[in-house]
Amino acid sequence: MIAAFDIPVTKIGHSKLNDIPLENIPFGKYFTDHMLEADYENGEWKNVEIKPYQPLLLDPSLAALHYGQAIFEGIKAYKDEKGNAFVFRPIENFKRFNKSARRMNMPEIPEEIFMEGLRKLIAVEKNWIPSLKEHSLYIRPFMFSTDTMLGVRPSETYKFLIILSPTGPYFAAPMKIVVEQTYTRAAPGGVGFSKNAGNYGGSMLAATEAKKAGYDQVLWTDAVEHKWLQEVGMMNVFFLINGVAITPSLEEGTILAGVTRDSVITMLKEMGIPVEERKVNIDELLEAYEIGQFTEVFGTGTAAVISLIKELKYKEFVMKFDVTKTPVATEVKQRLSDIREGKLPDTHNWMWPV
Ligand SMILES: *Cc1c(COP(=O)(O)O)cnc(C)c1O
């Protein structure tokens, strides 16, 4: 077991913090002074250390660059009015990281390294957590294969890192979404449930083509009929039909089990809104829309928390939503930010003190 005090820290001389105003910062653009790094070799994790943020020197034959064993996580840390730092549900991200690792034939990371590494790195970088409303410190743990050879087999060596990026309010403008009819993000038996780099690479062309056609993102569908709904861009999706919240179920392995998705389900149930996790197809949405029962649709994820959808297009059918009347999405969003800001009691122990 590696206790927090065992992780060596090499501090930088001059903090960049003095040069970067922590106000309305764009997402993922600036990084803090330090990072955590660890290596996997000979069947064990070693060299866990916190050191100045710096470039990596990589061999051109690095396995991750060729065969894509690369996974990551996204988590947020907040600061309350008294200056205490909290991370939102990091244990869930830790568990999901190892699920992604298993699917990609990569070694799991021990809880001590992931959680204590996170705790210590954030403690070192505490001044980087913005205290302004809706601001946070985005945490990016990731792992990739580092064998230097071109033979196709699971790598025997890996690198694990955590980097941190202060971020301002993520202004999520209501989105126009097209139901994807050509490309597929995930299929049963595939890697859709894992947070691996390739899933993002494979989704970009669909998003680019949607943008050319005047849309912000796609609503992913199943690989066979392009009718069964999966996720919106890289977010989970919720539909409100006749007062019931419906979200695609996880069992086929085509959906990424979002921590925000899970938190939203919990909030909805507490608000007295029935939640159905099940298969849902586009015909059901069109029928409900026709009779005025399909009232809200939104995406969920750590970066934007909740993103409203104002238009959904499937073939020649266009469904429009009044984003000034989204009582359910608005209340869910408010409750989640109240929990983060300590205005609502944290009954589920979601706020993990650093
Ligand atoms: C990360 C991710 C999500 C959102 O997960 P959160 O834990 O809520 O941030 C949803 N879908 C995909 C494909 C993702 O990669």
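Residues numbered from 1 in each chain as written. Predicted model: local features only at pLDDT ≥ 70, side-chain atom pairs only at ≥ 80, totals over all residues. Heavy atoms only, no water.

Considering the domain arrangement of the chain
Reasoning step 1: If you check the domain split of the chain, you get domain 1 (16–170) and domain 2 (175–340).
Reasoning step 2: On the side of domain 2, 20 residues touch domain 1, which itself brings 21 residues to the contact.
Reasoning step 3: The contact between domain 1 and domain 2 buries some 1,800 Å² in all, and 62% of this surface belongs to carbon and sulfur atoms.
Reasoning step 4: Among the residues of domain 1 in contact with domain 2, Phe72, Arg96 and Arg103 are the three that bury the most area, contributing 33% of the side total.
Reasoning step 5: Along the contact surface separating domain 1 from domain 2 lie one salt bridge.
Reasoning step 6: Residue Asp262 is joined to Arg89 by a salt bridge in which the shortest nitrogen-to-oxygen separation is 3.0 Å.
Reasoning step 7: Remark: the boundary between domain 1 and domain 2 carries 11 residue pairs in polar contact (both at pLDDT 80 or more).
Reasoning step 8: Within the residue set of the side of domain 1 that touches domain 2, elements represented by two or more residues are strand E3 (70–72), strand E4 (75–79) and helix H2 (90–103).
Reasoning step 9: Broken down by element, the side of domain 1 that touches domain 2 gets its largest block of residues, six residues, from H2.
Reasoning step 10: For the side of domain 1 that touches domain 2, the residue count by class is 10 nonpolar, three polar and eight charged. (Domains from an automatic or database assignment. Contact = heavy atoms within 4.5 Å. Buried area = accessible area lost by both parts, 1.4 Å probe. Salt bridge = Lys/Arg side-chain N within 4 Å of Asp/Glu carboxyl O. Polar contact = N/O pair within 3.5 Å; in protein donor to acceptor, adjacent residues only side chain to side chain. Helix = DSSP H or I, 4+ residues; strand = E, 2+ residues; numbered from the N terminus. Nonpolar A, V, L, I, M, F, W, Y, C, P; charged D, E, K, R; others polar.)

Looking at the site of the ligand
Reasoning step 1: The environment of the ligand is made up of 14 residues, and the closest members are Lys195, Tyr200, Glu231, Thr260 and Thr302.
Reasoning step 2: Between the ligand and the protein, one listed contact pairs an oxygen atom with a side-chain N or O atom of Thr260 at 2.6 Å.
Reasoning step 3: Here the ligand is seated within the largest pocket.
Reasoning step 4: For the shell around the ligand, a count of residues per class yields five nonpolar, five polar and four charged. (Near = heavy atom within 4 Å. 1 Å grid on protein atoms, 1.4 Å probe; cavity = no way out; pocket = protein on both sides within 12 Å on 5 of 7 lines; lining within 4 Å. Sits in = over half its atoms within 2 Å of the grid points.)

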